[in-house]
Amino acid sequence: MSKPTPSTPPERPNETPSNKQDGTVEERVDTTLPDDQTVVDGVKDKPATNVSLISGDSKPRQYKVNNPSFFMQRGYQVLLVLGLIAAFFLVMVYQTLFGRIEQPQQMVTIDQGQTYYGLLPQWQNQIPLFSASVAKLYIKSQVDAPLHAGIYQLPENPTIAEALQILEQGAKAAMVKVQIIEGKTSKDLYQTLRDNDNIKKEVLTADSDNASIAQALDLASILPDAVTSSSDPIVNYNLEGWFAPDTYYYGEGTSDKKVLTDLYKRQQQALTEAWENRAPDLPYKSPYEALVMASIIEKETSVPEERELVSAVFRNRLNKNMRMQTDPTIIYGMGSRYDGNIRRRDIDEKTSYNTYQIDGLPPTPIALPSAASIEATLHPADSEALYFVATGNGGHKFTNSLAEHNQAVKDYLSVMREKKSQTPPQ
C-alpha cells in the first residue's frame, strides 16, 4: 500500500510571499498568550518585562514593602532636626543672657518712666541671635521691682544679666533728683548741691573756692595756664562750662564729688566727639575755646533753630577781627554786682569778660552749655550775617550790614514801646 502524500501545511499569518520567495529564514515570534493571562475589554495585557533581561541578574529584584530600616532612618532624621532646633534655641538663650555689648565702662542715665523692656533694642542691635522674647521672659521671672531713675555705672562689655543686676540696685536706694538747667552757671550748680541735704558734701565745703574745688576734683590740669595763673578771682581756676546740664538721679548719700565728676565726664565726652567731627576753617584753636563759644551761644538764644545762625555770626566776626560785643559777657564779668540792668558805664567797663572792650574770646566759658550748643559752635550755619538783635516777639533778626542792623534795632525798640503802652499800670 502506498503512503498518502502529506498535504502542504497552511501558511502562517506572519509569512508573506516575499518571505518565501527570497528563501530568508526568519525567526518566528510566538505570540501565543499563556493560559493564565487575562484579557480586559477584549485587549490582551502586555507581558510583564523580565527585569533579569535588563539587569543581567538571573533572578528578578525583590522589593520589600515593609522595610524596618526605612522607618528607622526617618526617625533618625526627625531626631536630628529636633536636636538642631534645640541646639539653636540653647545658643539663642545663651547669647541673649550672656552675650556681651562691646562698649567701655560708662555712666548710663535712666530717666523717670523708663522701663527694663525699653533697654532691650540696644542689646538686640548689637548681640547676634539676641531674642527680645527670651529677655522679656528673663526679666519677668528675675526682676521684682520697676526700673528706678538714676545714674548707673555699667562695666566694660556687660551682659544683660550683669546690667540688670546693677540696675536692680536702684530699687534698694532712695533717689535724689539733681536738676541743672542749660545756661546756668557752675556757681548755680554748686549752690544746688550745697542746698541738697541728701548729697554728701566732700568738695563744696563752707570755705571752698574755685581753686580748692578744681584741686579736689583733680581737674586743675584741664584749665589753660592763663586761667590758673589769673589774678582775677572770677577767672582763677574757674571750672565754668565743664559740667553737663541735665536732670540726674542719684542714690541718697551720694557725694558732691561723684556728682561733679560724673557731670564733668559727660561734658568732656560731648566736647571731644563734637571737636573730632568739627567743620573746617573755624577760628577756634582748641576744644576749650569751642567750649567758651558754646557757652556764649547758650546764653544768647533760647530758640533751638537759631543756634547755628548765632554761631555763624560770631565765627564771621572773629574771622574779620571784629569784637564779639555780646551782652552776656558783660553780665558775667560784673559778677555779683549785676542787678538785672546793663548801663552805659557797664558797657564801657573793661573786665576780663566784656567783649565790647576786649578782643576775641573771654578767658573762660560764661555758662554751662548744652550738647546742642557745642554742636552748633562746631557746625555753624552757612551765613554771612555779622549782626543780630532781638525782634521783641521772640527770636532774633540776623543782618549782614551795620545799616540793616541799625534798622533792626529801631524796629525792636518800636515793638517794645508799643508793648509798654499796652501794659496796664501796676
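Keep in mind that this is a model prediction, so the values were computed, not measured.

Peer 1: I tried to follow the overall build of the protein chain on my own but got confused; where do I start?
Peer 2: Per the secondary structure count, the protein chain includes 16 helices and eight strands. Burial statistics for the protein chain: of 426 residues in total, 36% are counted as buried. Across the protein chain, every contact between residues at least 6 apart in sequence was considered, and the portion connecting residues at least 24 apart equals 67%. Here the protein chain has roughly 27000 Å² of accessible surface; of this, 51% comes from carbon and sulfur atoms.

Peer 1: What is the right way to read helix H6 (residues 160–168) from this model?
Peer 2: One turn of an α-helix holds 3.6 residues; hence residues three or four places apart share an orientation. Listed as buried for H6 are Ile-160, Ala-161, Ala-163, Leu-164 and Leu-167. Looking down the long axis of H6, one finds its buried residues gathered within 160 degrees of arc, a one-sided arrangement.

Peer 1: Sorry if this is basic, but what is going on with the side chain of Arg-307 here?
Peer 2: Among the secondary structure elements, Arg-307 is positioned in helix H12 (residues 307–319). Discounting residues that sit within four places of it in the chain, Arg-307 has contacts with Glu-182, Ile-297, Glu-298, Thr-301, Ser-370, Ala-372, Ser-373 and Ala-376.

Peer 1: I'm lost on the packing of helix H7 (residues 186–195) against helix H10 (residues 256–276) in this one. Help?
Peer 2: Each packed pair of helices is defined by two parameters, the angle between the axes and the distance between the axes. Look at H7 against H10: their axes get within 11 Å of each other, and the N-to-C directions meet at 145 degrees. The crossing of H7 and H10 is right-handed. Every residue of H10 that contacts H7 at Leu-189, Tyr-190 and Leu-193 is listed here: Asp-256, Val-259, Leu-260 and Leu-263. Split into classes, the residues belonging to the contact of H7 with H10 amount to six nonpolar, no polar and one charged.

Peer 1: Could you clarify how one ought to interpret the packing of H10 against helix H15 (residues 371–378) in this entry?
Peer 2: Between H10 and H15, the least distance of the axes is 9 Å, while the angle of their chain directions is 25 degrees. By the angle between their directions, the pair H10 and H15 is classed as roughly parallel. When you trace H10 past H15, the crossing you get is right-handed. Contacts from Gln-267, Ala-270, Leu-271, Ala-274 and Trp-275 in H10 reach Ala-371, Ile-374, Glu-375 and Leu-378 in H15.

Peer 1: Quick question: what am I supposed to make of the confidence of the model for the protein chain here?
Peer 2: Detailed reading of the predicted coordinates is not advisable wherever pLDDT falls low. This prediction gives the protein chain a mean pLDDT of 82; 81% of its residues lie at or above 70. Note on residues 1–46: pLDDT under 50 across the span, and 14 contacts to partners over four residues away in sequence or across chains. Here residues 51–55 is a poorly scored stretch, pLDDT under 50, and it has five contacts once near neighbours within four places are set aside; other chains count.

Peer 1: So what exactly am I meant to see when it comes to the environment of Asp-327 here?
Peer 2: If you trace the backbone, Asp-327 turns up in helix H13 (residues 327–334). Counting along the chain gives 27 residues from Asp-327 to Asn-354, while the straight-line C-alpha distance between them is 8.0 Å. Excluding residues that lie within four positions of it along the chain, Asp-327 makes contacts with Glu-300, Ile-342 and Tyr-356.

Peer 1: So what exactly am I meant to see when it comes to the packing of aromatic side chains here?
Peer 2: How two aromatic rings sit relative to each other is given by the distance of their centres and the angle of their planes. One pass over the full model with this rule turns up seven aromatic pairs. For the ring pair Tyr-248 and Tyr-250, a centre distance of 6.5 Å and an interplane angle of 35 degrees mean the geometry is tilted. With relative accessibility at 1%, the residue Tyr-248 sits in the buried group. On the basis of relative accessibility, which here comes to 2%, the residue Tyr-250 falls in the buried class. With a centroid separation of 4.9 Å and 65 degrees between ring planes, the pair formed by Tyr-332 and Tyr-353 is classed as edge-to-face. Of the two residues, Tyr-332 is situated in helix H13 and Tyr-353 in the loop between helix H14 (344–348) and H15; the sequence distance between them amounts to 21 residues.

Peer 1: Would you mind showing me how to read the nonpolar core here?
Peer 2: Taken as a class, soluble globular proteins show a tendency for nonpolar side chains to be buried jointly. Ranked by size, the top nonpolar core spans 57 residues in total, and within it Leu-239 and Phe-243 carry the most contacts. Among the elements of the structure, strand S5 (175–179), H7, helix H8 (210–216), strand S6 (247–251), H10, helix H11 (287–300), H12 and H15 are those that each provide at least two residues to this core. By residue number, the principal contributor to this core is H11, which donates eight residues. Excluding anything up to four places from it in sequence, Leu-239 contacts Tyr-190, Ile-213, Ala-214, Leu-217, Leu-219, Ile-222 and Leu-223. Within the second largest apolar cluster, 19 residues are counted, among which are Ile-110, Trp-123, Leu-147 and Leu-167.

Peer 1: Teacher, can you tell me more about a nonpolar patch on the surface here?
Peer 2: There is a patch of nonpolar side chains on the surface, built from Tyr-76, Val-78, Leu-79, Val-81, Leu-82 and Ile-85 and spanning about 630 Å² of accessible area. With respect to the helices, strands and loops of the structure, Tyr-76 is situated in helix H3 (residues 68–98). What makes Tyr-76 exposed here is its relative accessible area of 54%.

Peer 1: So what exactly am I meant to see when it comes to unusual backbone geometry here?
Peer 2: One can expect most non-glycine residues to show negative phi and most peptide bonds to be in trans. Here Asp-218, not a glycine, exhibits a phi torsion of approximately 60 degrees, which is positive. Looking at the secondary structure, you find Asp-218 in the loop between H8 and helix H9 (225–228). You will see that Asn-321, though not glycine, has its phi angle at about 60 degrees, which is positive.

Peer 1: When you look at the pattern of salt bridges in this model, what are you seeing that I'm missing?
Peer 2: A side chain of one charge can pair with a side chain of the opposite charge if their charged atoms are brought near each other. Tallying each qualifying case throughout the model produces nine salt bridges. Between Glu-162 and Arg-100 there is a salt bridge; the shortest N-O distance is 3.2 Å. Highlighted residues: Glu-162 in helix H6 and Arg-100 in the loop between H3 and strand S3 (106–110), separated in sequence by 62 residues. The class of Glu-162 is partly exposed, set by a relative accessible area of 27%.

Peer 1: How should the environment of Leu-291 be read in this particular structure?
Peer 2: Note that Leu-291 resides in helix H11. Under the relative-accessibility criterion, Leu-291 is labelled buried at 0%. Between the alpha carbons of Leu-291 and Ile-374 there is a distance of 6.6 Å; along the sequence they are 83 residues apart. Residues in contact with Leu-291, not counting those within four places in the same chain, are Gly-241, Trp-242, Gln-267, Leu-271, Pro-365, Pro-369 and Ile-374.

Peer 1: Help me understand the environment of Lys-136 in this model?
Peer 2: Relative to the assigned elements, Lys-136 resides in helix H5 (residues 132–142). A relative accessible area of 39% means that Lys-136 is categorised as partly exposed. Residues Lys-136 and Leu-120, spaced 16 residues apart in sequence, show a C-alpha to C-alpha distance of 8.5 Å. Not counting chain neighbours up to four residues away, the residues in contact with Lys-136 comprise Tyr-117 and Leu-120.

What counts and how
Residues numbered from 1 in each chain as written. Predicted model: local features only at pLDDT ≥ 70, side-chain atom pairs only at ≥ 80, totals over all residues. Heavy atoms only, no water. Helix = DSSP H or I, 4+ residues; strand = E, 2+ residues; numbered from the N terminus. Buried < 20%, exposed > 50% of the residue type's maximum accessible area, 1.4 Å probe, protein only. Contact = heavy atoms within 4.5 Å. Areas by Shrake-Rupley, 256 points an atom, 1.4 Å probe, with all protein chains shown as cover. Arc of directions from axis to C-beta. Axes fitted to C-alpha atoms, helices over the stretch in contact; angles between N-to-C directions. Left-handed = near helix turned anticlockwise from the far one by under 90°. Nonpolar A, V, L, I, M, F, W, Y, C, P; charged D, E, K, R; others polar. Parallel < 35°, antiparallel > 145°, perpendicular 65-115°, else oblique. pLDDT = per-residue confidence, 0-100. Phe/Tyr/Trp six-rings, centres within 6.5 Å; stacked < 30°, edge-to-face > 60°. Core = buried A, V, L, I, M, F, W, Y, C linked by side-chain atoms within 4.5 Å. Patch = residues over 30% accessible without salt bridge, like charges linked within 9 Å, V, L, I, M, F, W, Y side chains within 5 Å. Salt bridge = Lys/Arg side-chain N within 4 Å of Asp/Glu carboxyl O.

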